[in-house]
Amino acid sequence: MLRTRVALLVAGALGLTVLAGCGGGSTAAGGGSGAITLGFAQVGAESGWRTANTKSIQESAKDAGITLKFSDAQQKQANQIQAIRSYIQQHVSVIAFSPVVETGWDTVLKEAKTANIPVILTDRAIDSKDTTLYKSFLGSDFVNEGKEAGDWVAKQYASATGPVNIAVLEGTTGSAPANDRSKGFDDVIKADPKFKVVASQDGDFTRAQGKQVMESFLKSQSKIDVLFAQNDDMGLGALDAIQAAGLTPGKDIKIVTVDGTHDGLQALADGKFNYVVECNPLLGPQLMDLVKKVAAGQSVPNRILTKETAFDQAAAKAALPSRQY
Ligand code: GZL
């Protein structure tokens, strides 16, 4: 108990949100030597996707009898690194995290390795030459998500002569989803010269930034035919800017996004979005299975991809009543 309190004090002084035991609730099944403590360093609470992801992790830890120490880094890498260090000092069984950006992790992950604490990457990957620094990556194929968005645009404008002007609300600069969704989308778009990306800027995966950047796009561009928002929340923020400019989203500007949150599917059902590629945040159950295997020293696959789909308006209307997030 004292250690937890000290960890909370240290974390508090650093402006970290470190919640010991939240979601983990009861001690691990069987307690004693079988008890597993998972230290999870979350990116932040920037989007509806992230909220659902956090809920899935906290609820799954409780269901699995795993004690969860959880931190919210407010989208700052320094906070995530500090949280990982605090988990190392607390001698947790396993560390898992969703790296806010792809680079800058080797030093702290080597510290975890030296401390003999296995690490699992969830949701976002890292760009490191040393693949011994983590046991597994559990998450989506972001390149494919970007490709699906690009394929939809190419299909929509197959008979158009062009130019088709495209604006892109990018995710957090340096993050795996931003890098890979851009790659997947661009590989499709660059195959046809009628497609012109006339504006592309970081909207940090938030509604507020999505609105702000879209306002600047609308001021600087005389015509935008398509908006590719790399998550629903930036697309939802952009709706305000588009409507404030006297334009009709979904008609004057076609909108394709990624995530598939309830609000994103509602915008699609309402005709304000035109297509939504799913990115599944409900990683909790698979993560807890991985944590138990890794804690027991079992070998696990080094990459586990989640299953996902995509939605047009009819599919959104059908999915909404039972949408978990
Ligand atoms: C993707 C995830 C992204 C979501 C955004 O797996 O990392 O971060 O697409 C979230 O909504 O902010």
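Below: a short report on this structure. The written sequence of each chain sets the order in which its residues are numbered from 1. For this predicted model, a pLDDT threshold of at least 70 governs which residues receive local features, and a threshold of 80 or more governs which side-chain atom pairs are given and counted, while totals over whole chains, interfaces and linings are taken from all residues. Based on all heavy atoms of the structure, the side-chain values leave hydrogens and waters out of the count.

Description of the pairing of strand β4 (residues 94-97)
A regular strand places its side chains on the two faces of the sheet in alternate fashion.
1) Next: Here β4 shows a buried face lined by Val-94 and Ala-96 and a second buried face lined by Ile-95 and Phe-97.
2) Next: Strands pair, by our definition, only if DSSP identifies at least two bridges between them. Strands here are runs of E lasting at least two residues and helices are runs of H or I lasting at least four, both read from the DSSP assignment and numbered beginning at the N terminus. Alignment of strand β2 (residues 37-42) against β4, held across four bridges, turns out to be parallel. When the bridges of β4 are listed, Ala-41 appears paired with Phe-97.
3) Next: As paired elements, β4 and strand β5 (residues 119-122) share three bridges and run parallel to each other. Each bridged residue has a counterpart across the sheet, and for Phe-97 the counterpart in β5 is Leu-121.
4) Next: Crossover connection from β4 via helix α4 (residues 106-114) to parallel β5: handedness right-handed. Relative accessibility under 20% of the residue-type maximum defines a buried residue, over 50% an exposed one, and the middle range a partly exposed one, all with a 1.4 Å probe and only protein chains included. Here the term right-handed applies to a crossover when the path leading from its first strand over the helix to its second strand runs clockwise, the strands being oriented away from the viewer.

A look at the packing of aromatic side chains
1) Next: Note on aromatic pairs: the rings of Phe, Tyr and Trp (six-membered ring only in Trp) are paired at centre separations within 6.5 Å, and the planes decide the class, stacked below 30 degrees, edge-to-face beyond 60, tilted for the rest. Following the criterion strictly, the structure yields four aromatic pairs and no others.
2) Next: Between Phe-97 and Trp-105, the aromatic rings sit 4.9 Å apart at their centres with planes inclined by 55 degrees, giving tilted as the arrangement.
3) Next: Its relative accessible area of 1% is what places Trp-105 among the buried residues.
4) Next: Aromatic side chains Phe-185 and Phe-228 sit 4.3 Å apart centroid to centroid with 20 degrees between the ring planes, which places their arrangement in the stacked category. Of this pair, Phe-185 sits in helix α6 (residues 176-189) while Phe-228 sits in strand β9 (residues 226-229), and the two are 43 residues apart along the sequence. The two residues Phe-185 and Phe-228 agree in class, both being buried.

As for the site of the ligand
1) Next: Taken together, 13 residues form the shell around the ligand, and within it Glu-46, Asp-123, Arg-124, Arg-181 and Asp-259 come nearest.
2) Next: Side-chain polar atom of Glu-46 to an oxygen atom of the ligand: 2.5 Å apart, as the coordinates give it.
3) Next: Within the side chain of Asp-123, a nitrogen or oxygen atom sits 2.3 Å from an oxygen atom of the ligand.
4) Next: All accessible areas in this document rest on Shrake-Rupley with a 1.4 Å probe, and a residue is counted as covered only by the protein chains that are shown. Computed on the free molecule, the ligand has an accessible area of 320 Å², of which 100% lies beneath the protein chains in the complex.
5) Next: For the ligand, the cavity whose grid points lie within 2 Å of the majority of its atoms is the largest cavity.
6) Next: Elements with a minimum of two residues in the shell around the ligand: α2 (48-64) and α6.
7) Next: Note on residue categories: nonpolar means Ala, Val, Leu, Ile, Met, Phe, Trp, Tyr, Cys or Pro, charged means Asp, Glu, Lys or Arg, and polar means any other residue, Gly included. A class-by-class count of the residues in the shell around the ligand yields five nonpolar, two polar and six charged.
8) Next: Boundaries between domains were set according to an automatic or database domain assignment. Here the shell around the ligand spans two domains, since at least three of its residues come from each of domain 1 (30-140 + 281-307) and domain 2 (142-279). To be near a molecule or strand, a residue needs just one of its heavy atoms within 4 Å of it. Within 3.5 Å is the distance limit for a polar contact, defined as a pair of N or O atoms, with the added protein rule that one can donate a hydrogen and the other accept it, and that residues adjacent in sequence qualify only through two side-chain atoms. Only protein atoms enter the 1 Å grid used here. Points where a 1.4 Å probe fits but cannot escape make up a cavity, open sets with protein on both sides within 12 Å along at least five of seven lines make up a pocket, and a residue lines them when an atom lies within 4 Å of a point. Molecules are considered to sit inside a cavity or pocket once more than half of their atoms lie within 2 Å of its grid points.

That's the geometry; what it means functionally is another story.
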